[in-house]
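# A look at the structure
The primary structure of each chain is shown beneath.
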Amino acid sequence: VRGQCWAFCDLKPSAKKYPVALFKAARRVIVESGARFIYATADPEQKTAIRFLSALGFEHVEKDVWRWQRSAQ
């Protein structure tokens, strides 16, 4: 979106049975993306959205926007 990389997740209800697999898949997509920054929004209707983004290394930017930043190497 306008030069920014935005991540999203659209899951079927049955996917919630596999939180570890979801976390590992999300982490893999983030790492393999090659993006320096990735933005995401936390769905207020999903109780665990903020905890999930935080666990992946996203930091709160403003309102419902979160940002992940690749560490300098």
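Above this text sits the structure in question.
Notes on the structure in this doc start here. As the structure is a computational prediction, the values presented were derived from the model and not from experiment.

In spatial order, the strands read S1-S3-S2; together these 3 strands make up an open sheet with antiparallel pairing. Strand pairing shows two members of the sheet lacking a second neighbour, strand S1 (37-41) and strand S2 (59-62), which therefore form its edges. This sheet shows a mean twist of 35° between the axes of neighbouring strands, independent of strand direction. Sheet topology note: the S2/strand S3 (residues 65-69) ladder contains 3 bridges and is antiparallel. Note that in S3 the partner of glutamate 62 across the bridge is valine 65.

On to the environment of isoleucine 38, then. Tracing the sequence through the fold places isoleucine 38 in strand S1. As for isoleucine 38 and tryptophan 66, which are separated by 28 residues in sequence, their C-alpha atoms are 8.4 Å apart.

Taken as a whole and assessed by the stated rule, the structure comprises 2 aromatic pairs. Between phenylalanine 23 and phenylalanine 52, the aromatic rings sit 6.3 Å apart at their centres with planes inclined by 85°, giving edge-to-face as the arrangement. With phenylalanine 23 in helix H1 (residues 19-33) and phenylalanine 52 in helix H2 (residues 49-55), this pair connects stretches of sequence that are 29 residues apart. Taking the relative accessible area as the measure of exposure, phenylalanine 23 reaches 22% and is therefore partly exposed. Here phenylalanine 52 falls in the partly exposed class, since its relative accessible area comes to 28%.

As a further point, take the pairing of S3. Pairing of S1 with S3, which is carried by 5 bridges, proceeds in the antiparallel orientation. Its bridge partner lying in S3, isoleucine 38 is registered against tryptophan 68. Adjacent in sequence and paired antiparallel, S2 and S3 are bridged by 2 residues, among which lysine 63 carries a positive phi angle near 40°.

Reading guide: rules and limits
- Residues numbered from 1 in each chain as written.
- Predicted model: local features only at pLDDT ≥ 70, side-chain atom pairs only at ≥ 80, totals over all residues.
- Heavy atoms only, no water.
- Pairing = 2+ DSSP bridges.
- Helix = DSSP H or I, 4+ residues; strand = E, 2+ residues; numbered from the N terminus.
- Axes fitted to C-alpha atoms, helices over the stretch in contact; angles between N-to-C directions.
- Phe/Tyr/Trp six-rings, centres within 6.5 Å; stacked < 30°, edge-to-face > 60°.
- Buried < 20%, exposed > 50% of the residue type's maximum accessible area, 1.4 Å probe, protein only.

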